[in-house]
Amino acid sequence: QVQLVESGGGLVQAGDSLRLSCAASGRPLSWYAMGWFRQAPGKERERVSAVSSRGIDTYYADSVKGRFTISRDNAANTVYLQMNNLNTDDTAVYYCAAAYAEPYGSNWYPRRTLDEYEYWGQGTQVTVSS
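Owing to the predicted nature of the structure, the values given are computational and were not obtained by experimental measurement.

Before going further, it helps to examine the pattern of salt bridges. Within the structure shown, the criterion is met by 6 salt bridges. Where Arg-67 meets Asp-90, a salt bridge forms, and the shortest distance between an N and an O atom there is 2.8 Å. Of the two residues, Arg-67 sits in the loop between β6 (58–60) and β7 (68–73) while Asp-90 sits in the loop between β8 (78–83) and β9 (92–100), which places them 23 residues apart along the sequence. Across this residue pair, the class does not change: Arg-67 and Asp-90 are buried.

See below:
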């Protein structure tokens, strides 16, 4: 019901910043809790951040706390991931994902991570050089 397209990835040096964007179409973004995931070669896909449908509650993986910030602009149907002080361990394909949130309230986002997100973008590559 909703399509997601990520953008903003690229090649940067350690210590640099990037802002990823995820544009939604087909349904209002406000219906969905959103998450950002990443997957490096040979590793499991992991959730790095999440935000509830109205942007009130957020989650960050320990590895990115203090460096990454998730935000959303429901009027623009866009969710962002601001990534600061990048290091080589952040190199991965980054995906945005959506979980239908209307039955659960504006402060809800999935707790079981991967299997609770129904819709996924195609991914955007982030490469951090040392």
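There is more to say after this.
Under the defined criterion, the tally for this structure stands at 1 disulfide. Disulfide partner of Cys-22: Cys-96, at an S-S distance of 2.0 Å. The sign of the 55° torsion about the S-S bond sets the Cys-22-Cys-96 disulfide as right-handed. One end of the pair, Cys-22, is in strand β3 (residues 18–25); the other, Cys-96, is in strand β9, and 74 residues separate them in sequence. Residue Cys-22 is classed as buried on the basis of its relative accessible area, which comes to 1%. Here Cys-96 falls in the buried class, since its relative accessible area comes to 0%.

Right, let's talk about the environment of Asn-77 for a bit. Looking at the element boundaries, Asn-77 is found in the loop between β7 and β8. Asn-77 sits 55 residues away from Cys-22 along the chain, and the two C-alpha atoms are 8.3 Å apart. Leaving out residues up to four positions away in the same chain, Asn-77 has contacts with Cys-22, Ala-23, Ala-24, Arg-27, Pro-28 and Leu-29. Within the structure, the side chain of Asn-77 is placed 3.1 Å from the backbone nitrogen of Leu-29, a separation counted as a polar contact.

Ranked by size, the top nonpolar core spans 29 residues in total, and within it Leu-4, Met-34, Trp-36, Leu-81, Met-83 and Tyr-94 carry the most contacts. Looking at this core, the elements with two or more residues in it are β3, β4 (32–39), β5 (46–51), β7, β8, β9 and β11 (124–129). In this view, Met-83 contacts Asp-16, Ser-17, Leu-18, Leu-20, Arg-67, Phe-68, Tyr-94 and Val-126; residues no more than four positions away in its chain are not counted.

About the criteria used
- Residues numbered from 1 in each chain as written.
- Predicted model: local features only at pLDDT ≥ 70, side-chain atom pairs only at ≥ 80, totals over all residues.
- Heavy atoms only, no water.
- Salt bridge = Lys/Arg side-chain N within 4 Å of Asp/Glu carboxyl O.
- Helix = DSSP H or I, 4+ residues; strand = E, 2+ residues; numbered from the N terminus.
- Buried < 20%, exposed > 50% of the residue type's maximum accessible area, 1.4 Å probe, protein only.
- Disulfide = S-S within 2.5 Å.
- Contact = heavy atoms within 4.5 Å.
- Polar contact = N/O pair within 3.5 Å; in protein donor to acceptor, adjacent residues only side chain to side chain.
- Core = buried A, V, L, I, M, F, W, Y, C linked by side-chain atoms within 4.5 Å.

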